[in-house]
Amino acid sequence: MSELTSAKLASSSRVEMTQFVLPGYANSFGNAFGGRVMQWIDLAAAMAAMRHTRMPVVTASIDQLAFHGPIRVGQIAILKARVNAVFGSSMEIEVTVESEDPRSGEQRLCCDAFVTFVALGKDGKPAKAPLLLTETEDEARRAAEAAVRRAERIAKRPRP
Ligand SMILES: CC(C)(COP(=O)(O)OP(=O)(O)OC[C@H]1O[C@@H](n2cnc3c(N)ncnc32)[C@H](O)[C@@H]1OP(=O)(O)O)[C@@H](O)C(=O)NCCC(=O)NCCS
C-alpha cells in the first residue's frame, strides 16, 4: 500500500444525486426497475468514494440493500451517499434513496444500502485511502457501526 495521505472530513465527500424516473427506467408495474436503482446507488457511492479519496475506486460489495417502497414513473429519485468509515484501502458508503412527488413535494424513503469501495494505487492494487475525520456525534456513531458491519463482512468472505 502507498503512504498515508491526508485525512478528509466526512462532510466533504457527501453526494446528492437526483434522477427523474422516465418510463424507460420502469418495470412492467410502472415503478423504477430495481436493477436501475442499484446502478444509481453504485454511481452515487462511487462519486462519494472518489470525492473522499481522489483515487480510482472499485465496488467490492453491496450489502443490506433493501427496497422499502417503490419509486413511480414521473417521480424524482433522490440519492444521498456518504462515507461512513474508512478502514485501510476500503471504505463503507451508505446510500439512501428517496422518492419525491414533483407535484406535492412529498418525500419517502424507498431504499438504502451499504456499499464497500476499495481505493486503488497506480499499480491497480488496493492502496491506503485518506483517513476519515468525523466532526459530529452522528458521524462518529456511523463510523463505529460501520466497523461492526465490516467485521461481519470480513467473516463472511470466502477463504482461498
Ligand atoms: C475489491 C478488490 C480490489 C479487493 O482486492 P483483493 O486482492 O481481494 O485485496 P485484499 O484482500 O488486500 O483486500 C483489500 C481491501 O478490500 C476489502 N475487501 C475485499 N473484498 C471485499 C468484500 N467482498 N467486501 C468488502 N470489502 C472487501 C478488504 O477488506 C481490504 O480492505 P482494507 O484495505 O480496508 O483492509 C478485488 O477483489 C477486485 O478487484 N474485485 C473486483 C472489483 C470490481 O470489478 N468491481 C466492479 C466494477 S467497479
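Residues numbered from 1 in each chain as written. Predicted model: local features only at pLDDT ≥ 70, side-chain atom pairs only at ≥ 80, totals over all residues. Heavy atoms only, no water.

Caption draft 1: Layout of the overall build of the chain. Counting its secondary structure elements, the chain contains 2 helices and 7 strands. Written out in order from the N terminus, the α and β elements of the chain read β-β-α-β-β-β-β-β-α. Seen through its C-alpha atoms, the chain measures out along the principal axes to roughly 50 × 40 × 30 Å. Counting across all 160 residues of the chain, residues that qualify as buried make up 42%. The contacts in the chain between residues at least 6 apart in sequence include a share of 73% that link residues at least 24 apart. (Helix = DSSP H or I, 4+ residues; strand = E, 2+ residues; numbered from the N terminus. Buried < 20%, exposed > 50% of the residue type's maximum accessible area, 1.4 Å probe, protein only. Contact = heavy atoms within 4.5 Å.)

Caption draft 2: Spotlight on the site of the ligand. Residues in close proximity to the ligand total 15 residues, the closest being T59, G88, S89, S90 and R150. In this structure, a nitrogen atom belonging to the ligand sits 2.9 Å away from a main-chain N or O atom of T59. Mapped by element, the contributors of at least two residues to the shell around the ligand are β3 (57–67), β6 (107–119) and α2 (137–156). When residues in the shell around the ligand are grouped by element, the largest group, 4 residues, is from β3. Residue classes in the shell around the ligand are distributed as 6 nonpolar, 6 polar and 3 charged. (Near = heavy atom within 4 Å. Polar contact = N/O pair within 3.5 Å; in protein donor to acceptor, adjacent residues only side chain to side chain. Nonpolar A, V, L, I, M, F, W, Y, C, P; charged D, E, K, R; others polar.)

Caption draft 3: Representation of the packing of aromatic side chains within the structure. If you walk through the whole model with that rule in mind, you get 1 aromatic pair. Pairing Y25 with W40 gives two aromatic rings, centres 5.3 Å apart and planes at 90°, and the pair type is edge-to-face. In this pair, Y25 is assigned in the loop between β2 (15–20) and α1 (34–53) and W40 in helix α1, connecting sequence segments 15 residues apart. (Phe/Tyr/Trp six-rings, centres within 6.5 Å; stacked < 30°, edge-to-face > 60°.)

Caption draft 4: The arrangement of the nonpolar core in detail. Judged by nonpolar contacts, the single largest core of 35 residues is most densely connected at I41, L79, M91, I93 and F117. For this core, the element with the most residues is α1, which contributes 8 residues. I93 has contacts with A45, A48, A49, A81, R82, V83, N84, A113, F114, V115 and F117, leaving out every residue within four places of it along the chain. (Core = buried A, V, L, I, M, F, W, Y, C linked by side-chain atoms within 4.5 Å.)

Caption draft 5: Examining the pairing of strand β4 (residues 76–86) more closely. The buried fraction of β4 amounts to 9 of the 11 residues, a majority that puts the element mostly inside the structure. Sheet analysis places β2 next to β4, joined by 6 bridges and oriented antiparallel. Directly across from M17, in β4, lies its bridge partner L79. Note: β4 against strand β5 (residues 90–100), 10 bridges, orientation antiparallel. Within the sheet, the bridge partner assigned to L79 lies in β5 and is V97. Counted along the chain from β4 to the antiparallel partner β5, the turn is 3 residues long. (Pairing = 2+ DSSP bridges.)

Caption draft 6: Spotlight on the sheet that holds β2. The sheet built from 5 strands is open, its strands ordered β2-β4-β5-β6-β3 with antiparallel pairing. A strand with exactly one partner marks an edge of an open sheet, and here the two such strands are β2 and β3. Each neighbouring strand pair of the sheet contributes to a mean axis angle of 25°, computed without reference to strand direction. Pairing analysis gives 8 bridges linking β3 to β6, with the strands arranged antiparallel. Within β6, the residue paired with I62 across the bridge is V115. The strands that α2 touches are β3, β4, β5 and β6; relative to β4, the one it contacts most, it runs at about 80°. (Axes fitted to C-alpha atoms, helices over the stretch in contact; angles between N-to-C directions.)

Caption draft 7: Main features of the side chain of S13. Relative to the elements of secondary structure, S13 occurs in the loop between β1 (8–9) and β2. In this structure, S13 is in contact with A48, R51, H52, A81 and V83, ignoring residues within four places of it in sequence.

So far we have only geometry, and geometry alone does not tell us how the molecule works.
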